[in-house]
Amino acid sequence: METAELKSSLRARIWSARRTLAPTDVAAAAPLIAAHGLAWARRTLPAGSVVTAYLGVGVEPPTADLLGSLHADGFRVMLPICLPARQLGWVEWHPGIEFARSRYAPVQEPVGTVAAADEVLTGGPGRPPVSGILLPATALDADGRRLGQGGGYYDRFLALAAALGTRLPTAAVVYYGEVLASGAVPADALDRRVDAAVTPGGIIGLGGAGARTE
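Not measured: the values here are computed from a predicted model.

S.K.: Would you take a moment to explain the packing of aromatic side chains for this structure?
M.R.: Any aromatic ring pair is given by two values, namely how distant the centres are and how the planes are angled relative to each other. For the coordinates displayed, the defined rule picks out 2 aromatic pairs. Between Trp90 and Tyr154, the ring centres sit 6.1 Å apart and the planes meet at 75°, which makes this aromatic pair edge-to-face. Residue Trp90 is located in strand 3 (residues 87-92), and its partner Tyr154 is located in helix 5 (residues 153-163); the two are separated by 64 residues in the primary sequence. A single burial state applies to Trp90 and to Tyr154, both of which are buried. Between Trp90 and Phe157 the ring centres are 5.0 Å apart and the planes differ by 50°, which places this aromatic pair in the tilted class. Of the two residues, Trp90 is situated in strand 3 and Phe157 in helix 5; the sequence distance between them amounts to 67 residues.

S.K.: I'm lost on the environment of Arg127 in this one. Help?
M.R.: With respect to the helices and strands, Arg127 occurs in the loop between helix 4 (117-122) and strand 7 (130-136). Take Arg127: its relative accessible area is 12%, and that puts it in the buried class. Note: C-alpha distance between Arg127 and Arg76 (51 residues apart in sequence) is 8.9 Å. Setting aside residues no more than four positions away along its own chain, Arg127 makes contact with Val50, Arg76, Met78, Glu92, Ala115, Glu119 and Val120.

S.K.: Would you mind going over unusual backbone geometry with me for this structure?
M.R.: Negative phi is the rule for most residues except glycine; trans is the rule for most peptide bonds. Positive phi values are uncommon outside glycine, yet Ala85 reaches one of about 60°. Here Ala85 is to be found in the loop between strand 2 (76-83) and strand 3. Under the relative-accessibility criterion, Ala85 is labelled exposed at 61%. For Arg86, which is not glycine, the phi torsion reads 55° and is therefore positive. Structurally, Arg86 is set in the loop between strand 2 and strand 3. Accessibility expressed as a relative area gives 43% for Arg86, which makes it partly exposed.

S.K.: Can you help me understand the side chain of Glu178 in this one?
M.R.: Among the secondary structure elements, Glu178 is positioned in the loop between strand 10 (170-173) and strand 11 (179-180). In contact with Glu178, not counting residues within four places along its chain, are Ile14, Arg18, Thr138, Ala139 and Leu140.

S.K.: So what exactly am I meant to see when it comes to the nonpolar core here?
M.R.: For soluble globular proteins, nonpolar side chains are generally found buried alongside one another. In terms of nonpolar packing, the biggest core is built from 57 residues, with Trp40, Leu70, Val77, Trp90, Leu134 and Leu140 touching the most fellow members. The element best represented in this core is helix 2 (residues 23-44), accounting for 8 residues. If sequence neighbours within four positions are ignored, Trp90 has contacts with Thr52, Ala53, Met78, Leu79, Pro80, Thr113, Val114, Ala115, Ala117, Val120, Tyr154 and Phe157. Among the nonpolar cores identified, the runner-up in size contains 6 residues, and Leu10, Ile14, Leu180 and Val185 belong to it.

S.K.: How should I be thinking about the sheet that holds strand 11 in this particular structure?
M.R.: Hydrogen bonds along the backbone pair up the strands of a sheet, which may run parallel or antiparallel. The strand order across the open sheet built from 3 strands is 9-8-11, with neighbouring strands paired in mixed fashion. The open sheet terminates on both sides in strands that have one partner only, identified here as strand 9 (146-147) and strand 11. Where strand 8 (residues 139-141) lies against strand 11, 2 bridges are found, and the strand directions are parallel. What sits directly across from Asp141, in strand 11, is Leu180.

S.K.: Looking at this structure, I do not really get the environment of Gly96. What am I missing?
M.R.: Relative to the assigned elements, Gly96 resides in the loop between strand 3 and strand 4 (99-101). Put simply, Gly96 and Gly152 are 56 residues apart on the chain and 29 Å apart in space, counted from C-alpha to C-alpha.

Cut-off values and rules
- Residues numbered from 1 in each chain as written.
- Predicted model: local features only at pLDDT ≥ 70, side-chain atom pairs only at ≥ 80, totals over all residues.
- Heavy atoms only, no water.
- Phe/Tyr/Trp six-rings, centres within 6.5 Å; stacked < 30°, edge-to-face > 60°.
- Helix = DSSP H or I, 4+ residues; strand = E, 2+ residues; numbered from the N terminus.
- Buried < 20%, exposed > 50% of the residue type's maximum accessible area, 1.4 Å probe, protein only.
- Contact = heavy atoms within 4.5 Å.
- Core = buried A, V, L, I, M, F, W, Y, C linked by side-chain atoms within 4.5 Å.
- Pairing = 2+ DSSP bridges.

Here it is, written out as structure tokens:
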């Protein structure tokens, strides 16, 4: 099969498994993801720095508790906005922020002042450059290959960071069983690898740093 077909097949398999999760299973994962995601940020990023994250909804790995934990710990949290040409803008998150349906994708987005991707990467008025990236994934493999939703938004954002000479720590949030063996995630030229997985079971280093941290 072509790479696109392989991706589609794996994506369908993972989402089929996610849809079997009971609401109690998803809810139980929330505080664990929050604890491990905050641990990753504390160990990897400067205190009080800027970090991107996202809001997981439905049967996605839940991240609302993680957003609150990061904010309470002093991190400045930026959430994505889908823009034309499959680019991302960013809005700073705070407790109680409003969300609205995206114009460009079937997701909920924060309502607020939108910062362009290059501004988030290089810094803007009153805000230093982002120090780390927490991002969604459908699956990961042990080499750090990431399967997203197919839009390529985050891969373009990571490619822009590389083009600007910015090497940022990255961690994708998945359920524990969605971290697959080496080579299990198909990839093409656009795809960018990530450094770690944040799961309800712990932090898993990828690409040769495979230690699991409880």
